Amino acid sequence: RWLRLGRWLWLWLWLWFRFWLRLWFWFRFRLWLRFRLRFWFWFRLWLWFRLWFWFWFGLWLRFRLWFRFRFRLWLWFRFRLWLWLGLRLWFWFWLRFGFWFRLGFW
């Protein structure tokens, strides 16, 4: 009788130990899974934010540089146009009135 009670006792102790061991592994697995899922969530969010940020910032920078370059080109061509017109006007005046300037007309 005592041997049978001892066997049942060892069985209950073994089952009790397995229950707490499974519970402990289950909670550790849940913690690991929660950490892992939280990590992947924040990592994917960070990757998505980087993609979004560099897309819009690159677009903004591209248009900004393009408009700035276009504005500088427009300034350069305007300067060249005014220079060309000014030089033509100056040469026209020189060819028209340079003779009188040389004679000391003024």
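Let me begin by describing the structure that accompanies this report. (Residues numbered from 1 in each chain as written. Predicted model: local features only at pLDDT ≥ 70, side-chain atom pairs only at ≥ 80, totals over all residues. Heavy atoms only, no water.)

### Notes on the overall build of the protein
We count it as follows: The secondary structure listing takes helices from DSSP runs of H or I that are at least 4 residues long and strands from runs of E that are at least 2 residues long, numbered from the N terminus. With the radius of gyration taken over C-alpha atoms, the globule rule is written as 2.2 Å times the number of residues to the power 0.38. When accessible area is computed with a 1.4 Å probe and restricted to protein chains, residues below 20% of their type maximum are described as buried, those above 50% as exposed, and intermediate ones as partly exposed. Per-residue accessibility takes into account occlusion by the displayed protein chains alone, with areas from the Shrake-Rupley method and a 1.4 Å probe.
Of the regular secondary structure elements, the protein holds one helix and zero strands. For the protein, the C-alpha radius of gyration of 44 Å lies well beyond 13 Å, the compact-globule estimate for 106 residues. Dimensions of the protein, computed from C-alpha atoms along their principal axes, come out at roughly 145 × 15 × 10 Å. The proportion of buried residues among the 106 residues of the protein is 1%. When the accessible surface of the protein is summed, it comes to about 11900 Å², and 75% of that surface belongs to carbon and sulfur atoms.

### Quick look at the packing of aromatic side chains
Basically, it comes down to this: Aromatic pairs are defined between Phe, Tyr and Trp rings, using the six-membered ring for Trp, whenever the two ring centres lie within 6.5 Å; interplanar angles under 30 degrees are classed as stacked, those over 60 as edge-to-face, and all others as tilted.
Scanning all chains against the criterion turns up 29 aromatic pairs. Seen from their ring centres, Phe-41 and Trp-42 are 5.2 Å apart, and the 70° between their planes marks the pair as edge-to-face. On the basis of relative accessible area, Phe-41 is assigned to the partly exposed category, the value being 48%. In this structure Trp-42 comes out as exposed when scored by relative accessible area, which is 51%.

### Structural notes on the environment of Phe-53
Take Phe-53: it is sitting in helix 1 (residues 2-103). Note on Phe-53: relative accessible area 35%, which makes it partly exposed. Taking the C-alpha atoms as reference points, Phe-53 and Arg-88, separated by 35 residues in sequence, lie 51 Å from one another.

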